[in-house]
Amino acid sequence: HIPAAVIWAGIFCLWSFEYAIATPYFQKLGFSTQVALLLWCAGPLSGLLVGPIVGVFSDRCTSRFGRRRPFILGGVVCTVVAAILFASAQTVYESCRTADAQILAVVGFWLMDLSINTIQNPARALMADLCTTPEEQVTGQALIARFCGLGYLLGFAIVSFWPQGIQHLKGVYIVGIAILLSTSAVTLCLAKEKPLSAAKDAKDPQQRSGSSVHSVT
């Protein structure tokens with residue numbers, strides 16, 4: 001089940017960029033320290049709202065590509081767009097359009113948090129779907145934790161490569177986007193899940209046999 005866990009390295013690589021860069025970046029764009037810290041409410045709020053909603057819809061998804069992968073793909077695309085918006089605010093700021101740069105940075109930051117949370121819920125559910133026994137569930141969640149740690153290591157290493165990370169924000173996020181796209185491709189292409197109808201059909205014979213045995217007893 002390693003392919004299902006690989007995407008978490010890309011996810012947490014981008015999280016590490018936010019942790020290392022976002023606050024000083026907001027301050028550079030003219031936000032006060034208090035406002036820059038308040039903007040971090042995006043993460044908890046998006047996790048609180050997006051997670052349950054995406055979970056419900058992915059549980060009921062009948063796409064031929066599976067229940068989880070369409071939502072993961074959509075979240076990845078939105079995350080790439082959000083990261084580009086967030087990093088582009090620096091260029092707008094350098095052209096002396098401070099208000100526009102601030103709006104662009106906030107929109108990109110909040111959209112990035114929303115979209116990353118959109119990826120996380122179905123990505124974790126995908127691992128749970130693929131693991132059929134309690135032992136596999138434990139192994140699968142442990143793999144996710146390992147790839148999360150790997151993503152943190154990659155992210156902070158990339159940021160530390162540029163001592164003035166804010167000055168090279170576009171380069172940082174280009175690398176991060178490349179990592180997210182490559183890890184997502186591994187998960188989306190190699191982690192095979194059954195569509196909802198096929199999964200139900202696979203369970204029906206067991207349910208029918210179980211009910212017949214119960215009726216006989």
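Everything below is about the structure printed above this text.
What comes next is a walk through the structure. (Residues numbered from 1 in each chain as written. Predicted model: local features only at pLDDT ≥ 70, side-chain atom pairs only at ≥ 80, totals over all residues. Heavy atoms only, no water.)

This part takes up the packing of helix 3 (residues 42-59) against helix 5 (residues 98-130). Two elements in contact, helix 3 and helix 5, have axes whose closest approach is 8 Å; the angle formed by their N-to-C orientations is 40°. The angle between helix 3 and helix 5 falls in the class oblique. The crossing of helix 3 and helix 5 is right-handed. Residues Ala42, Gly43, Leu45, Ser46, Gly47, Val50, Gly51, Val54 and Gly55 of helix 3 lie in contact with helix 5, whose contacting residues are Phe109, Trp110, Asp113, Leu114, Asn117, Thr118, Asn121 and Pro122. Across the contact of helix 3 with helix 5, the residue classes tally to eight nonpolar, eight polar and one charged. (Axes fitted to C-alpha atoms, helices over the stretch in contact; angles between N-to-C directions. Helix = DSSP H or I, 4+ residues; strand = E, 2+ residues; numbered from the N terminus. Parallel < 35°, antiparallel > 145°, perpendicular 65-115°, else oblique. Left-handed = near helix turned anticlockwise from the far one by under 90°. Contact = heavy atoms within 4.5 Å. Nonpolar A, V, L, I, M, F, W, Y, C, P; charged D, E, K, R; others polar.)

Enumeration according to the criterion identifies five salt bridges in this entry. Of the charged contacts in the structure, one is a salt bridge between Arg67 and Asp129, with a shortest N-O distance of 3.5 Å. Of this pair, Arg67 sits in the loop between helix 3 and helix 4 (69-94) while Asp129 is found in helix 5, placing the two residues 62 residues apart along the sequence. The closest approach of N and O atoms between Glu193 and Arg69, which form a salt bridge, is 3.7 Å. Of this pair, Glu193 sits in the loop between helix 7 (169-190) and helix 8 (196-216) while Arg69 sits in helix 4, and the two are 124 residues apart along the sequence. (Salt bridge = Lys/Arg side-chain N within 4 Å of Asp/Glu carboxyl O.)

Inspection of the secondary structure puts Glu18 in helix 1 (residues 2-28). Despite its burial, Glu18 remains without a salt bridge, the nearest opposite charge being carried by Arg124 at 16 Å. Apart from the residues within four sequence positions on either side, Glu18 is in contact with Trp40, Phe109, Met112, Asp113 and Tyr173. (Buried < 20%, exposed > 50% of the residue type's maximum accessible area, 1.4 Å probe, protein only. Lys, Arg positive; Asp, Glu negative; His and termini not counted.)

Moving on, we come to the nonpolar core. By size, the foremost hydrophobic cluster in this structure holds 56 residues, and its most contacted members are Trp8, Ile11, Tyr25, Phe26, Phe86 and Tyr173. Of the residues forming this core, the biggest block, 16 residues, is contributed by helix 1. Not counting residues within four places of it along the chain, the set of residues in contact with Phe86 comprises Ala22, Tyr25, Phe26, Ala105, Gly108, Phe109, Met112, Leu169 and Tyr173. (Core = buried A, V, L, I, M, F, W, Y, C linked by side-chain atoms within 4.5 Å.)

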